[in-house]
Amino acid sequence: MTQPEPGAPEPGAPEPGAPEPGAPGLHAPAGGILPATLTPGRTFALVAGVETYEVSHHWNLRGPARDALRFARWLTGPGEVPAANVRLLLSPLDDPDHLDWSASPALAALRDTCRPATEENAKTVLLDELPQCEGDLLWIFWAGHGYLDRHRELMLPCADARPGRIRHLNLDSALRWWQTDLVKHRRFPLQAALVDACRVDAPRDTRWNFGSADYGGGATVPGRRQFRLYASREGEAAGNDAERGTGRFTEALLAELAGRSARDGALGLPRAARSIHRTFGELRERGEGWQLPQFIVDRDWDANSFLDDDDPPVPALPRTARLDQTGWDGLGDLFEGRDLPRCAYEAYAWAFKAAGCTTPVHGGLPADTLLDVVWDLDQRQGGPAGLPLAVPFVHYLADRARRGGRPGEGAGDPVWAARLAAWVRDIRQRLALPALRPPPGPVTRAAALHVRLETPDGDPDALLARMWRRGERDRLVWESGSEPVGLDTVRGALVRELALLGATLGAGVDADAGQPYERVERVEFQVPYELLEADFDQWPVPRRPGGLTRPLGTLYQVSVRCPQEREDTRTEWRTSWRWLCARDGRHPDTVRVVEDTEVTDALGLRLGAHPAPACVLGHTSAGRTGALLEALLEGGVPVAVWRRGGGTPAGGLPGPNAPPPLSELLAPEAGPAAPAVFGLPARVRDVRRAAAAGQEAEGADRLVLLWDDPEDVIDLRSLA
């Protein structure tokens, strides 16, 4: 017996589009594109905009709530959809009453039915309420953050997402559910999902635990059609204009739908998708963005391929020049046996600026070797000048190797610098490339005070101390001599030096060196293991008038370091730091949260097995903090933050007065996928300042920052 083709009617069944006996018609107009019964009254929608998230204020973004309201305004205005058919979920940064609800009476009516964009509300609307409605067309519009799980399914975090449990809507699972017979056969043959959200990989960290959400489903209903249009492709971020309060994708989408009815808007969705795609393709061609919207299906509402459309195909974007085989052969010789230099990420990011286009949003470098980084650059579009991105990358490396600097940047390697520069000249001549502007000079190291404390043998309560003023050069400014001193003496010397530097700054010149003096930003303490948790950041520093004092950590970036304890793990320490620098501290694997249950005798071995993590956030109790510090030093971890005397575990439920999770120190504006490790010293100081001003929970100022750069050590003989 011959089986019908998938989606074909059963023998004796009515033709597609014909009404079932006794049923409200699913008959279609000529062409069979939209049901004849499709009217505004049979059109329903879920519209959601999420701007604020409980997980962290760093997730908050301005625009999605306004975009959702604008989409609802189109639906209930030109779209003529009754307000009762629209389910609006909003979690705006501002009070909902401050949003503009005055565009139409229907929009004003939505103010009374609007609900917060929580996971429970999203699931209730999408899986309970709307499937019970008698409709032909379902619109789903969602604006906010978006992440892909390991199965490449799109997870849309909700407003009640929290550390350890990121509550979300699994859109792919929900759309599969809507194609099954759990939604009655004659309901919603057309479904359109429009999503203005990123589609980047979800962070691989326990504190950003999305869990799993599969809504199941019944038997698939043949002929039910879905149209999905996303603001970006897999792995890409969606652009948001915070100043104007709108997403770039939503702006283009509403421009296409403007003035159309809901029926005409649905009918024109494929054409609108291609128009939006062309618009963003032009932005990409001009180097103004990497975002490229994507419609997942390649078929129209009538199941015909887009290739059958009368419109001419979208022309392929012109690509920039690519490296030739001679160029690749030269790079193979230049990069053989070379590790990623410390400035690798700086060179990678600058290559895009030099070519006149925007830097990709992914955190850190795309690969672990120089050749693979160049391969990634060579596959990209480049800017309007047609310059291969690999050329400014190599140009930057040559400049740093020529200038010299700290170890790991090609310092003292003029031969390699000359070979890199020769490669750049050769490929520019061979490919007729435009001239390159010089890379920016190395960032000047901020002035700092370095305090070195040592414990004489047999007297753990006494200290030998020295202090250096650090800038373009290091200069010893004070030492305790051969007699041991206490911490009070060290504090007094530090306060005197800070006062002297303040007076010097007023004069504008370093009195000793005769050079313009830069304000001190950092105070670092090189200490024995026993003093790692000393409260240096709480040392009172006089602030006139009236004898006022402030904690040292509110005025300066205060950190501790312990290089003398790393003699046996120096290789792991240096490897981890160079890995951190080569990726600008933004690789997803850079940071790890450690809780009490993970602090075992084997933790140091696990931390030292790989370069990552290079930064540990310690959510440990007082009884386990010592073991955590031992594991950090054994594992070669160069950067760590913990709370002096222990703190609330990351997986616990903090009380109303508990300090926030340490992960907030690293969360950038775009979300948790790209930790900003090199911003930690300034962020820790900000938290200390907020705590001193009473703006943070009790205990927030007990942060200890370990910042141990193995390539920036004053290595002098011991005072002992």
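How each quantity is defined
Residue positions are given per chain, counting from 1 as you read along its sequence in written order. Per-residue local features of the predicted model are confined to residues with pLDDT of at least 70, and side-chain atom pairs are confined, for both listing and counting, to 80 or more; whole-chain, interface and lining totals are unaffected and use all residues. Based on all heavy atoms of the structure, the side-chain values leave hydrogens and waters out of the count. Secondary structure is summarised from DSSP: a helix means a run of H or I of at least four residues, a strand means a run of E of at least two, and numbering begins at the N terminus for each. Here the term buried applies to any residue with accessible area under 20% of the maximum for its type, exposed to any over 50%, and partly exposed to those in between, with areas from a 1.4 Å probe on protein chains only. The contact criterion used throughout is that any non-hydrogen atoms of two residues lie within 4.5 Å. Here the accessible surface of atoms and residues is derived via Shrake-Rupley with a 1.4 Å probe, and residues count as covered only by protein chains that are part of the display. A fitted line through C-alpha atoms serves as each axis, taken over the contacting stretch for helices, and the angle formed by two N-to-C directions is quoted from 0 to 180°. Note on angle classes: values under 35 degrees are labelled roughly parallel, values over 145 roughly antiparallel, values of 65 to 115 roughly perpendicular, and the remainder oblique. The classification used treats Ala, Val, Leu, Ile, Met, Phe, Trp, Tyr, Cys and Pro as nonpolar, Asp, Glu, Lys and Arg as charged, and all other residues, Gly among them, as polar. Side-chain atoms within 4.5 Å link the members of a nonpolar core, which is a set of buried Ala, Val, Leu, Ile, Met, Phe, Trp, Tyr and Cys residues. In this context, the arc is that of the directions from the helix axis out to the C-beta atoms. Following DSSP output, two strands are said to pair if at least two bridges run between them. The path from the first strand over the helix to the second decides the hand: if it runs clockwise while the strands point away from the viewer, the crossover is right-handed. When a carboxyl oxygen of Asp or Glu is within 4 Å of a side-chain nitrogen of Lys or Arg, the pair counts as a salt bridge. Each residue gets a pLDDT score, which is the predictor's confidence in that residue and runs from 0 to 100. Working definition: rings of Phe, Tyr and Trp (its six-membered ring) pair if their centres are within 6.5 Å, and the pair is stacked with planes under 30 degrees apart, edge-to-face with planes over 60 apart, and tilted otherwise.

Draft legend 1. Quick look at the overall build of the protein. Scanning the protein from N- to C-terminus turns up 18 helices and 23 strands. When the 720 residues of the protein are sorted by exposure, 53% land in the buried category. Of all intrachain contacts in the protein linking residues separated by at least 6 positions in sequence, the fraction that spans at least 24 positions is 74%. Per element, the accessible surface of the protein, about 31700 Å² overall, is 50% carbon and sulfur.

Draft legend 2. Broad picture of the packing of helix α8 (residues 325-335) against helix α10 (residues 370-378). Taken N-terminus to C-terminus, the directions of α8 and α10 make an angle of 150 degrees; their axes are 10 Å apart at the nearest point. Compared by their axis directions, α8 and α10 come out roughly antiparallel. Contact residues: W328, L331, G332 and F335 in α8; L370, L371, V374, W375 and D378 in α10. Taken together, the residues that form the contact of α8 with α10 break down as seven nonpolar, one polar and one charged.

Draft legend 3. Structural view of the nonpolar core. One finds V47, F71 and W139 to be the most contacted residues of the largest nonpolar core, which totals 92 residues. Formed by 45 residues, the second largest nonpolar core is a distinct cluster that contains W478, V527, W539 and V704.

Draft legend 4. Representation of α8 within the structure. Residues of α8 that are buried include every one of G327, W328, G330, L331, L334 and F335, and no others. Seen end-on, α8 carries its buried residues on one side only, within an arc spanning 160 degrees. Within α8, the exposed residues directed more than 90 degrees away from the buried face are Q325 and D333. On its buried side, α8 packs onto α10, α11 (390-403) and α12 (414-431).

Draft legend 5. Inspection of the pairing of strand β22 (residues 639-643) at higher detail. Across the five residues of β22, five count as buried, placing the element largely inside the fold. The two faces of β22 match: V639, V641 and R643 on one face and A640 and W642 on the other face are all buried. Bridging between strand β21 (residues 615-619) and β22 involves four bridges; their strand directions are parallel. Note that in β22 the partner of V616 across the bridge is A640. Since β21 and β22 lie parallel, the crossover through helix α17 (residues 622-634) that links them has a hand, and here it is right-handed. Examined bridge by bridge, β22 and strand β23 (residues 703-707) share five bridges and lie antiparallel to one another. Counted as the bridge partner of V641 is L705 from β23.

Draft legend 6. Layout of the environment of L126. With respect to the helices, strands and loops of the structure, L126 is situated in helix α3 (residues 119-129). With relative accessibility at 0%, the residue L126 sits in the buried group. For the pair L126 and A174, spaced 48 residues apart in the sequence, the C-alpha separation amounts to 7.8 Å. With sequence-adjacent residues up to four places away left out, L126 is seen in contact with L46, P131, I140, L169, A174, W177 and W178.

Draft legend 7. Seen up close, α17. Taken together, the buried positions of α17 are T625, L628, L629, A631, L632 and L633. Elements in contact with the buried residues of α17: β20 (591-595), α16 (603-608), β21 and β22. Phi turns positive one or two residues past the end of α17, at G636, with a value near 75 degrees.

Draft legend 8. The environment of A344, seen in detail. Locating A344 in the fold gives a position in helix α9 (residues 344-355). What makes A344 buried here is its relative accessible area of 1%. Along the chain, A344 and V373 lie 29 residues apart, while their C-alpha atoms are 9.0 Å from each other. Contact partners of A344, with chain neighbours within four places excluded, come to L365, F393 and A582.

Draft legend 9. Expanded view of the pattern of salt bridges. For the structure on display, the rule yields 36 salt bridges. Of the charged contacts, one joins R228 and D172 as a salt bridge, the two residues approaching to 2.8 Å between their closest N and O atoms. With R228 in strand β9 (residues 225-230) and D172 in helix α4 (residues 171-178), this residue pair connects regions lying 56 residues apart in the sequence. Owing to a relative accessible area of 12%, D172 belongs among the buried residues under this scheme. Each of the salt bridges in this network shares a partner with another, and the network as a whole consists of R470, D474, R522, E524, R561, R566, D708 and D712.

Draft legend 10. Spatial organisation of the sheet that holds strand β4 (residues 147-148). With mixed pairing, four strands are arranged side by side in an open sheet as β6-β5-β4-β8. Each edge of the sheet is formed by a strand with only one pairing partner; in this case those strands are β6 (168-170) and β8 (200-201). For β4 and β8, the ladder comprises two bridges, and the chain directions are parallel. Looking across to β8, one finds that L148 is bridged to D201. The strands touched by α4 within the sheet are β5 (154-157) and β6, with β6 carrying the most contacts at an inclination of about 50 degrees.

Draft legend 11. Quick look at the confidence of the model for the protein. On average, the protein scores 80 in pLDDT, and the residues at 70 or more come to 77%. The model gives residues 289-299 a pLDDT under 50, and that stretch makes 63 contacts with residues more than four places away or in other chains. This stretch, residues 406-411, has a pLDDT under 50; its non-local contacts, to residues over four places away or in other chains, come to 15 contacts.

Draft legend 12. Main features of the packing of aromatic side chains. Using the criterion set out here, one finds 20 aromatic pairs in the structure. Ring plane angle 10 degrees and centroid distance 4.7 Å describe the contact between F71 and F141, whose orientation is recorded as stacked. Separated by 70 residues along the polypeptide, F71 in helix α1 (residues 64-76) and F141 in strand β3 (residues 137-143) bring together distant segments of the chain. A residue is classified by how much of its surface remains accessible, and F71, at 0% relative accessible area, is buried. Considering the side-chain rings of W577 and F678, the 6.1 Å spacing of their centres and the 80 degrees angle between planes classify their relative orientation as edge-to-face. Taken together, the positions of W577 in helix α15 (residues 570-582) and F678 in the loop between β22 and α18 (680-692) put the pair 101 residues apart, joining distant regions of the chain.

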